[in-house]
Amino acid sequence: MPKALVLGGATGLVGQALTCVLAKRGWQVETLGRANGNPLDMAFLKERLTRVNADTVFNATAWTRVDEAEDHAEEALLLNRTLPGALARILKALGRGHLVHFSTDFVFSGPRQTPWREDDLPNPVSVYGRTKLAGEQAVLEVLPDRACVVRTAWLFGPGRQSFVDAILAQCRRKDTISVVHDQTGSPTYSLDLADWSVSLAERNATGLWHAVNGGGASWRDLAREAIALTAGPCRVEPIAADQWPQKAKRPVYSVLDTSKLSALLGKKPRPWPQALRDFLWSGRRLDANGGEEGPS
Ligand SMILES: NC(=O)c1ccc[n+]([C@@H]2O[C@H](COP(=O)([O-])OP(=O)(O)OC[C@H]3O[C@@H](n4cnc5c(N)ncnc54)[C@H](OP(=O)(O)O)[C@@H]3O)[C@@H](O)[C@H]2O)c1
């Protein structure tokens, strides 16, 4: 039975999806989060990685608060670059264990009209994007033969609030909501991402991988689809990003090309509206045995 250590596996959106999918696919899983100790304490981290002796370490711990990162660059850098770099160095010294590290479409900016490929040049426009790019580089420089970086985007899924949950909550309170229409990305289901990521781990994949559901969408498209699928009565008004002040700049276009992943898996990731329907109609909660539960 292969063994995994999942950083962020007890509380994070991606971490919880990974923990669930790994268990379903017959892996032995341990998680590592704040409750166990400080992952930035290098002695603690080394001791834990040595003791668990995992076949694969999945790093789903990150500074993910994009706007707050603008005022907390040092802290964001510690979690988004120092931590993955340290994981890679510890695994290198141990001489064993694969690393699957997660990154983001926010390493790109746009404007552009065709999906970004793994070999396209990144150009982040936010502190978050820059620190995530630095983390990718640290991992791939230190452990090129035993690490892969999985870039994903615009996640929704069980276990933690996402944009989709926030929209549906707003809709329960208001008749009309305003949502940005001029930023385009790749909405993605956390459980699909977890499934692809475990497949990458099982094949000992290395290098960069784009892993998102099929089809691009604006935030407004995603909000409208979520409302339609839950038969919400709320109207969605389009607004421009510059009418919606946010501290951090976002990419204008960050749809990711998944040809490389599709070739490896032998099939394309399913379209995001299909995945969103699965989430909203039957996958809102994760059960303790690594399965999904429908709405109660
Ligand atoms: N969510 C998205 O839309 C999205 C899009 C693109 C890429 N990604 C990437 O996917 C990966 C996972 O993101 P996510 O959405 O799953 O993030 P998340 O739900 O915010 O989870 C982040 C995890 O990191 C942990 N963490 C944060 N600060 C910590 C600290 N100082 N010490 C210990 N643990 C800490 C959190 O623990 P607590 O729960 O205790 O805070 C949580 O387990 C990240 O690399 C992110 O960049 C996410």
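As the structure is a prediction and not an experimental result, all values here were calculated from the model.

Focus: the packing of aromatic side chains
Pairs of aromatic rings are described using the distance from one ring centre to the other and the angle between the two planes. A complete count under the given rule lists 8 aromatic pairs for this structure. Ring centres 4.4 Å apart and planes at 10° place the aromatic pair Phe108 and Trp116 in the stacked group. Summarising the burial analysis for this pair, Phe108 and Trp116 share the class buried. Ring geometry for Phe156 versus Tyr189: centroids 5.6 Å apart, planes at 15°, classification stacked. Taken together, the positions of Phe156 in strand β6 (residues 155–156) and Tyr189 in strand β9 (residues 188–189) put the pair 33 residues apart, joining distant regions of the chain. Judged by its relative accessible area of 2%, Tyr189 is buried. Following the ring pairs from residue to residue traces out a cluster consisting of Trp154, Phe163 and Trp219. The ring of Trp116 carries Arg112 above its face, with NZ or CZ at 4.2 Å from the centroid. When the ring centre of Trp209 is taken as origin, the NZ or CZ atom of Lys260, which lies over that ring, is 4.3 Å away.

Structural notes on the pairing of strand β5 (residues 147–152)
Of all 6 residues making up β5, 6 are buried, and the element is well covered by its neighbours. Side-chain alternation along β5 places Ala147, Val149 and Arg151 on one buried face and Cys148, Val150 and Thr152 on a second face that is also buried. Here 6 bridges tie strand β4 (residues 98–104) to β5, and the two strands are oriented parallel to one another. Looking at the pairing, Val100 lines up with Cys148 of β5. In this view, the connection linking β4 to its parallel neighbour β5 by way of helix α5 (residues 127–142) has right-handed handedness.

Things to note about helix α10 (residues 272–282)
Buried within α10 we find Trp272, Ala275, Leu276, Phe279 and Leu280. Looking straight down α10, one finds that the buried residues subtend no more than 125° of arc, so they occupy a single side. Each element contacted by the buried residues of α10 is listed here: β6, α6 (163–173), β9, α7 (190–202), β11 (217–218) and α8 (219–229).

Let's talk about the pairing of strand β1 (residues 3–7)
On a regular strand, one side chain projects to one face of the sheet and the next to the other, so that they alternate. Most of β1 sits inside the fold, with 5 of its 5 residues counted as buried. Residues Lys3, Leu5 and Leu7 point to one face of β1 and Ala4 and Val6 to the other, with burial holding for every one of them. Pairing of β1 with strand β2 (residues 28–32), which is carried by 5 bridges, proceeds in the parallel orientation. Bridging from a neighbouring strand, Ala4 pairs with Val29 of β2.

Side note on α8
All of the buried residues along α8 are Trp219, Leu222, Ala223, Ala226, Ile227 and Leu229. The arc enclosing the buried residues of α8, seen along the axis, measures out at 165°, which places them on a common side. Residues of α8 that are buried make contact with α6, β7 (176–180), β11, β12 (235–239) and α10. A positive phi of about 55° marks Ala231, the residue just after α8.

Digging into the packing of helix α1 (residues 13–24) against α7
Helix-helix packing: each pair is described by the crossing angle between the helix axes and the interaxial distance. With their axes 8 Å apart at the nearest point, α1 and α7 run at an angle of 60° to one another. Between α1 and α7, the angle falls in the class oblique. Crossing of α1 against α7: the hand is right-handed. Each of Leu13, Val14, Ala17, Leu18, Cys20, Val21 and Leu22 in α1 lies in contact with α7, whose residues at this interface are Ser190, Leu191, Leu193, Ala194, Asp195, Ser197 and Val198. Taken together, the residues of the contact of α1 with α7 break down into 11 nonpolar, 2 polar and 1 charged.

Some details on unusual backbone geometry
Even without being a glycine, Asn204 presents a positive backbone phi close to 50°. Residue position: Asn204 is located in the loop between α7 and β10 (207–210).

Points about the site of the ligand
Around the ligand lies a shell of 22 residues, among which Thr11, Arg34, Tyr128, Lys132 and Arg160 are the nearest. One nitrogen or oxygen atom from the side chain of Thr64 is found 2.7 Å from an oxygen atom belonging to the ligand. Contact between the ligand and Arg160: an oxygen atom at 2.7 Å from a side-chain N or O atom of the residue. When the ligand is considered free in solution it has 900 Å² of accessible area, and contact with the protein chains removes 84% of it. Where the shell around the ligand is concerned, the elements lending two or more residues are α1, β4 and α5. When residues in the shell around the ligand are grouped by element, the largest group, 3 residues, is from β4. Of the residues in the shell around the ligand, the class split is 11 nonpolar, 8 polar and 3 charged.

Criteria and thresholds
Within every chain, residues take consecutive numbers counted from 1 along the sequence as written. Local features in this predicted model are restricted to residues of pLDDT 70 or higher, and side-chain atom pairs are both shown and tallied only at a pLDDT of 80 or more, whereas totals for entire chains, interfaces and linings draw on every residue. Water and hydrogen atoms play no part in the side-chain values, which are based on all heavy atoms of the structure. Only rings of Phe, Tyr and Trp enter the pairing, Trp through its six-membered ring, and a pair is recorded when the two centres are within 6.5 Å. The plane angle decides the type: under 30 degrees is stacked, over 60 is edge-to-face, the rest tilted. Relative accessibility under 20% of the residue-type maximum defines a buried residue, over 50% an exposed one, and the middle range a partly exposed one, all with a 1.4 Å probe and only protein chains included. Here a strand is any run of E in DSSP of at least two residues, a helix any run of H or I of at least four, and the numbering for each starts at the N terminus. Charge over a ring is defined by NZ of Lys or CZ of Arg lying within 6 Å of the ring centre and within 35 degrees of the ring normal. By the convention used here, strands pair only if DSSP detects at least 2 bridges between them. If you view a crossover with the strands going away from you and the path from the first strand over the helix to the second runs clockwise, you call it right-handed. The directions considered for the arc are those from the helix axis to the C-beta atoms. Contacts are residue-level and defined by heavy atoms, with any inter-residue pair within 4.5 Å sufficient. What counts as an axis is a line fitted to C-alpha atoms, over the stretch in contact for a helix, and the angles between N-to-C directions run from 0 to 180 degrees. The cut-offs work like this: below 35 degrees is roughly parallel, past 145 is roughly antiparallel, 65 to 115 is roughly perpendicular, and the gaps in between are oblique. By convention the crossing between two helices is left-handed if the near helix lies anticlockwise of the far one by an angle smaller than a right angle, and right-handed if it lies clockwise. All amino acids are sorted into three groups, where Ala, Val, Leu, Ile, Met, Phe, Trp, Tyr, Cys and Pro are nonpolar, Asp, Glu, Lys and Arg are charged, and the leftover types, Gly among them, are polar. Being near a molecule or strand, for a residue, means having at least one of its heavy atoms within 4 Å of it. As used in this structure description, the phrase polar contact means that two N or O atoms lie within 3.5 Å; if the pair is within protein, one of them must be able to donate a hydrogen and the other to accept it, and residues adjacent in sequence are counted only when both atoms belong to side chains. The method behind every accessible area is Shrake-Rupley, applied with a 1.4 Å probe, and residues are considered shielded solely by the protein chains displayed.

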